[in-house]
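These are the residues of each chain, in order.
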Amino acid sequence: MPLRRPGRRVRRLLAAAGTAVATIVVLLPQPAHADFSPARYLTPDGVDSRSPRVAINARGDVLVAWWYYDGADYRTRASFRPGDGSAPRTVVISPVGYDSYPNDVALTEDGVGYVVMESAESFSSPAIVARTVTATALGPLRTVAPASASTNHGHVELDATGKARLLWTQSGDDQIATRTMTKTSVLGTTVAVTPVTNLHLDSFASPIPHATAANGQTVVAWRIHHNGELSIQARMIRPDGSLGPIRTMSPATGPAREANVCIDADGDAVVTWEQWDEAAGNYRVFAGTLSKASVRGTPVLVSATSELDIDEANVVTDGSGGGVVVYETFVSVNRLRARRFRADGTLGTAFWLTPTTYNASFPFLATTGPGQYTVVWTSNPDGIRIQGRSFTLDGALGRLQSLSPYKRIVAAHTAAGAPGRAVAAWVVEPPESSYRVQIATSP
């Protein structure tokens, strides 16, 4: 499942306040939000630790990776926490003498974790490297793309067999490339997903919207100058690694930004984006289908024309070739709104997910079962918190839950697993002397 990153407007607001937030995605089984455990520290005081990346599988194994400073270099550390309650295993997985930062993680159903990192010698361009980690073993460090390719932004998705689809940017962020990696650390052939051209990356944390189906079909989207406009394009990577044609998803009616994607079990995808409406002086949320055969559907306006300051549009599959879209809009405060976009282009009734009394930002989504979803966001009812709730396609809401205690949250990031399994991780600047990673699990 792809990870959802914040858009530019909210990032700017939080940066001005001295706070930057990354990603949240949670998977829960019921319309009523299951309780998370009390938050606990994963890293010690006195060692700055940042940018946690997490994954969880159906049996409850949890993989967390983060970077820290060892006094000479920035290193990546991973913690594998078995679902059977046995002792966690925490290891440094990056090489000595290199600055390494985790970009993304994934975890197979049989407990093989993948960690994708940017790794560089001081003052040099990073390479994209990857490594497997389990409860008992650490795989060899593999160079996915060399520093000479001018690489950045590694990502990983898994198919049902546990094979990884790796994605990254290269040629100075002007090209997206991909290759596979097996659980035994065998790398496939590198394939260029886009030509070398002037890509416009919307988010430093996640410039490549992507999603992979169980059969290995992957959809990738990006933003580019096309026919005089900033447009959203998308492409299918078939299970055999061959490429479908490039499709321009957004119409030439104004600049587009902030693409997101989802894909169902059959390999049919939905692409969402935000597009400028000159007459209204505002961005609107649009959605369009892209079939497994690369047939593009007609773009549909998802947000209401009266809604202002649209941002942070996210989408997850509805399981039937459509999607469930959640986005942020301003109505006295920043609020989150949800709406179903069906495969035939029709829309469900929009409904609110957050209260009217305080700001809510950074919505991130996961499918929790047929017609069931969970959204998690950052809010400020009494200081910055991470909150979440479940909901159904017809708008029935589960209870609102605060996942984090009040502290200054610097970054948050979660991943989804099987029904009944969820984990959230974030970074706080507590009264102690360093930035520390906290986690909470459910159940």
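Fair warning: this is a prediction, and the values are worked out from it, not measured in the lab.

Analysis parameters
For every chain, the first residue of its written sequence is number 1, and the numbers climb from 1 along that sequence. In keeping with the predicted nature of the model, local features appear solely for residues at pLDDT of at least 70, side-chain atom pairs appear and are counted solely at 80 or more, and the whole-chain, interface and lining totals rest on all residues. The side-chain quantities take in all heavy atoms of the structure and omit both hydrogens and water. Each helix is a run of DSSP H or I of at least 4 residues and each strand a run of E of at least 2, with the numbering of both proceeding from the N terminus. Three labels apply to residues, based on accessible area from a 1.4 Å probe with only protein chains included: buried if under 20% of the type maximum, exposed if over 50%, partly exposed otherwise in between. Throughout, a residue-residue contact means that at least one pair of heavy atoms, one from each residue, lies within 4.5 Å. Reported accessibility uses the Shrake-Rupley method at a 1.4 Å probe radius. Residues are deemed covered only where the shown protein chains occlude them. Here, nonpolar core means buried Ala, Val, Leu, Ile, Met, Phe, Trp, Tyr and Cys residues that are tied together by side-chain atoms lying within 4.5 Å of each other. Pairing of aromatic rings covers Phe, Tyr and Trp, the last through its six-membered ring, and needs centres within 6.5 Å; plane angles under 30 degrees mean stacked, over 60 mean edge-to-face, and all others mean tilted. Whether a charge sits over a ring comes down to the Lys NZ or Arg CZ being within 6 Å of the ring centre and within 35 degrees of the ring normal. The pairing criterion for strands is at least two bridges between them, as found by DSSP. Whenever a helix is involved, its axis is fitted only over the stretch in contact; in every case the axis is a line through C-alpha atoms, and angles between N-to-C directions fall within 0 to 180 degrees. Within this document, salt bridges are pairs made up of a side-chain nitrogen of Lys or Arg and a carboxyl oxygen of Asp or Glu, the two lying within 4 Å of each other.

Visitor: Looking at this structure, I do not really get the overall build of the protein. What am I missing?
Guide: Broken down by element type, the protein carries one helix and 32 strands. When burial is assessed residue by residue, the protein has 60% of its 443 residues classed as buried. Contacts spanning at least 24 positions in sequence make up 49% of the contacts within the protein whose residues lie at least 6 apart. In the form shown here, the protein has an accessible surface area of approximately 15800 Å², with 53% of it arising from carbon and sulfur atoms.

Visitor: Teacher, can you tell me more about the nonpolar core here?
Guide: For soluble globular proteins, nonpolar side chains are generally found buried alongside one another. Within the largest apolar cluster, 17 residues are counted, with the highest numbers of intra-cluster contacts made by V219, I232, M249, V271 and W273. At the level of secondary structure, the elements contributing two or more residues to this core comprise β15 (218-226), β16 (229-237), β18 (256-263), β19 (269-277) and β20 (282-290). Ranked by the residues each element gives to this core, the list is headed by β18, at four residues. The residues contacting V271, other than those within four sequence positions of it, are A221, I232, A234, M249, N260, V261, F286, A287 and G288.

Visitor: I tried to follow the packing of aromatic side chains on my own but got confused; where do I start?
Guide: Aromatic ring pairs are defined here through the distance separating the ring centres and the angle between the ring planes. If you walk through the whole model with that rule in mind, you get eight aromatic pairs. Residues W276 and Y283 carry aromatic rings whose centres are separated by 5.1 Å and whose planes lie at 70° to one another, so their mutual orientation is edge-to-face. Since its relative accessible area comes to 18%, Y283 is described here as buried. Three or more aromatic residues link up through ring pairs in this structure, and these residues are W67, Y69, Y74 and Y101. The aromatic ring of W352 is capped on one face by R335, whose charged end is 4.2 Å from the ring centroid. One Lys or Arg, R337, reaches over the ring of W352 and ends 4.4 Å from the middle of that ring.

Visitor: Is there a simple way to think about the sheet that holds strand β2 (residues 49-56) in this case?
Guide: Two orientations exist for strands paired in a sheet by backbone hydrogen bonds: parallel and antiparallel. One open sheet holds the four strands; their spatial order is β2-β3-β4-β5, and the pairing between them is antiparallel. The strands lining the two open edges of the sheet, one partner per strand, are β2 and β5 (89-92). Recorded for the sheet is a direction-independent mean angle of 20° between the axes of neighbouring strands. Note that strand β3 (residues 62-69) and strand β4 (residues 74-81) share eight bridges and pair antiparallel. Following the sheet pairing, Y69 is matched in β4 by Y74.

Visitor: Just to check I follow, could you spell out the sheet that holds strand β28 (residues 385-392) for this structure?
Guide: The strand order across the open sheet built from four strands is β26-β27-β28-β29, with neighbouring strands paired in antiparallel fashion. Edge positions in the sheet fall to β26 (360-369) and β29 (401-402), since each of these pairs with one other strand and no more. For β26 and strand β27 (residues 372-379), the ladder comprises seven bridges, and the chain directions are antiparallel. Its bridge partner lying in β27, L365 is registered against V375.

Visitor: How should I be thinking about the pairing of β18 in this particular structure?
Guide: On a regular strand, one side chain projects to one face of the sheet and the next to the other, so that they alternate. Taking burial as the measure, the eight residues of β18 include eight buried ones, the bulk of the element. The pairing of β18 with β19 spans six bridges and is classified as antiparallel. Within β19, the position partnered with N260 by the bridge is T272. Between β18 and β19, which follow one another and run antiparallel, lie five residues, and G267 among them has a positive phi close to 95°.

Visitor: Would you take a moment to explain the environment of I232 for this structure?
Guide: Tracing the sequence through the fold places I232 in strand β16. Each C-alpha atom of the pair I232 and E274 lies 9.4 Å from the other, and the pair is 42 residues apart in sequence. Discounting chain neighbours no more than four positions away, the residues touching I232 are W222, R223, R247, T248, M249, S250, A256, R257, A259, V271 and W273.

Visitor: What should I look at first to understand the pattern of salt bridges in this one?
Guide: Note on pairing: side chains with opposite charge can pair once their charged atoms come close. Inspection of the entire model under this criterion finds nine salt bridges. In this structure, R257 and D311 form a salt bridge, with 3.9 Å as the shortest nitrogen-oxygen distance. Here R257, found in strand β18, pairs with D311, found in strand β22 (residues 308-317); they are 54 residues apart in sequence, far enough to count as distant. When sorted by exposure, R257 lands in the same class as D311, which is buried. Taken together, the salt bridges that share partners define one network made up of R257, E274 and D311.

Visitor: Help me understand the environment of V196 in this model?
Guide: Tracing the chain through its elements places V196 in the loop between β13 (191-192) and β14 (210-212). For V196 and D174, which are 22 residues apart along the polypeptide, the C-alpha to C-alpha distance reads 5.5 Å. Ignoring anything within four residues of it in the chain, the contact list for V196 reads S171, D174 and Q175.

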